[in-house]
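Residue strings, one per chain:
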Amino acid sequence: MKIIRHSQHMQSAISALKFKGKSIGFVPTMGCLHAGHASLLKKCRKENDVSVLSIFVNPRQFSPQEDFKRYPRTFKKDENFAKKEKVDIIFHPSVDDMYPLGFLTSVEIRNLSEQLCGRFRPGHFQGVTTVVAKLLNIVSPHVLYLGQKDAQQAMVIQTMVKDLNFPTHVKVLPTIREHDGLALSSRNIYLSPEERVAARVLYQALLAAKNQIRNGEYKPHRIIQKMRSMILAKTSGPVDYIELVDASTLKKLKTLQGNVLIALAVWFGRARLIDNITIRI
Ligand code: PAF
């Protein structure tokens, strides 16, 4: 396994591999790898000749009051994790390499970026699309692997890839959960043992919503009310949002129809957790 720290070196390595006719799969991450990343890496390994993993904690997707400074950086552990998953190349650039002095560009996918998490994290998705556009130009993968846990991120990136004609196919893989349903996330390490137990209510609330819908409840506000009371029985929050939206536009629904994304973002102590499920009505 190679570790490459400079974007130009990465681009040369990829050119050489492509010249030999190799297919490239890519999993972008901010490190602190867990079983959710493992599932992406396994698929990437299986479907491509070369699997590339990037580890870069991207300052541009954190606002000043967010957790950029304390975001877990566990490179040695991640390196061993990547070896086990048979990653071929880790791309681990510095902030200066990605954003050298004089860097002025940003990529913005309007509309989709302003819904759900975008309302609470202004500028976040602009940071994500800017870094992912750069990573796609550097790694130039045939296939990009993302997780459904970050449903809005996946949609924003898919839209960018389509709108800007990146020659990359995007695959979104299912959320990986703990035995009690909690979605795996690098931010779960911020949870105290008590908060960790309480946080399983998020998936329970999503399943309860699904049940209510299956039993004929199509009024989003009633479903949200029940989810909110289940969640607030386990955390003092705040609840950033619980929303039932159209799964392709992320617009709020007044009555449920078509493909519905049920998404939430809730604080447990220092951890802001997001989760979602989709349901076809
Ligand atoms: O999901 C993440 O880890 C990040 O948002 C990503 C896609 C690697 C961009 O920094």
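Note: the structure precedes this text.
Is there a simple way to explain the overall build of the protein in this structure?
The helix and strand tally for the protein stands at 10 helices and nine strands. In terms of overall size, the protein behaves like a compact globule, its C-alpha atoms giving a radius of gyration of 19 Å where 281 residues would be expected to give roughly 19 Å. Counting only C-alpha atoms, the protein reaches 55 × 40 × 40 Å along its principal axes. For the protein, buried positions account for 53% of its 281 residues. Residue pairs at least 24 apart in sequence account for 73% of intrachain contacts in the protein once pairs closer than 6 positions are excluded. Per element, the accessible surface of the protein, about 13,800 Å² overall, is 52% carbon and sulfur. The protein carries 42 positive and 23 negative side-chain charges, and their two centres are separated by 3 Å.

Would you mind showing me how to read unusual backbone geometry here?
The omega torsion of the bond from G237 to P238 falls at 0°, within 30 degrees of zero and hence cis. Phi is positive for S140, close to 50°, though the residue is something other than glycine. A relative accessible area of 24% means that S140 is categorised as partly exposed. At L250, a residue that is not glycine, the phi angle is positive and equals roughly 65°.

Is there a simple way to explain the state of the cysteines in this structure?
Disulfides are covalent bonds that connect the sulfur atoms of two cysteines. Using the criterion set out here, one finds zero disulfides in the structure. No disulfide involves C32; its sulfur sits 19 Å from the nearest other cysteine sulfur, which is in C117. Between C44, a free cysteine, and C32, which holds the nearest cysteine sulfur, the sulfur-to-sulfur gap is 20 Å. On the basis of relative accessibility, which here comes to 0%, the residue C44 falls in the buried class.

Whenever I open this one, the sheet that holds strand β9 (residues 271-280) confuses me. Can you help?
Within a sheet, neighbouring strands are paired by backbone hydrogen bonds and run either parallel or antiparallel to one another. Here three strands make up an open sheet; going across it, the order is β7-β8-β9 and the pairing antiparallel. Each having just a single partner strand, β7 (239-246) and β9 make up the two edges of the open sheet. Neighbour-to-neighbour, the strand axes of this sheet turn through a mean angle of 10°, independent of strand direction. Judged from the 10 bridges that link them, strand β8 (residues 259-268) and β9 form a sheet pairing that is antiparallel.

How do you make sense of the environment of Y203 when you look at a structure like this?
As for its placement among the helices and strands, Y203 is situated in helix α9 (residues 201-214). Owing to a relative accessible area of 22%, Y203 belongs among the partly exposed residues under this scheme. In this structure, the C-alpha to C-alpha distance between Y203 and G181, residues 22 residues apart in sequence, is 5.6 Å. In this structure, Y203 is in contact with R177, G181, D275 and I277, ignoring residues within four places of it in sequence.

Teacher, can you tell me more about the site of the ligand here?
Around the ligand sit P28, T29, M30, N58, Q61, V131 and Q153, and those are all the residues in its vicinity. With respect to the ligand, the side chain of Q61 contributes an N or O atom lying 2.6 Å from an oxygen atom. Q153 is positioned with one of its side-chain polar atoms (N or O) 2.7 Å from an oxygen atom of the ligand. Burial of the ligand by the protein chains amounts to 88% of its free accessible area of 290 Å². Across the shell around the ligand, the residue classes tally to three nonpolar, four polar and no charged.

Reading guide: rules and limits
- Residues numbered from 1 in each chain as written.
- Predicted model: local features only at pLDDT ≥ 70, side-chain atom pairs only at ≥ 80, totals over all residues.
- Heavy atoms only, no water.
- Helix = DSSP H or I, 4+ residues; strand = E, 2+ residues; numbered from the N terminus.
- Rg over C-alpha atoms; globule rule 2.2 N^0.38 Å.
- Buried < 20%, exposed > 50% of the residue type's maximum accessible area, 1.4 Å probe, protein only.
- Contact = heavy atoms within 4.5 Å.
- Areas by Shrake-Rupley, 256 points an atom, 1.4 Å probe, with all protein chains shown as cover.
- Lys, Arg positive; Asp, Glu negative; His and termini not counted.
- Charge placed at Lys NZ, Arg CZ, Asp CG, Glu CD.
- Disulfide = S-S within 2.5 Å.
- Pairing = 2+ DSSP bridges.
- Axes fitted to C-alpha atoms, helices over the stretch in contact; angles between N-to-C directions.
- Near = heavy atom within 4 Å.
- Polar contact = N/O pair within 3.5 Å; in protein donor to acceptor, adjacent residues only side chain to side chain.
- Nonpolar A, V, L, I, M, F, W, Y, C, P; charged D, E, K, R; others polar.

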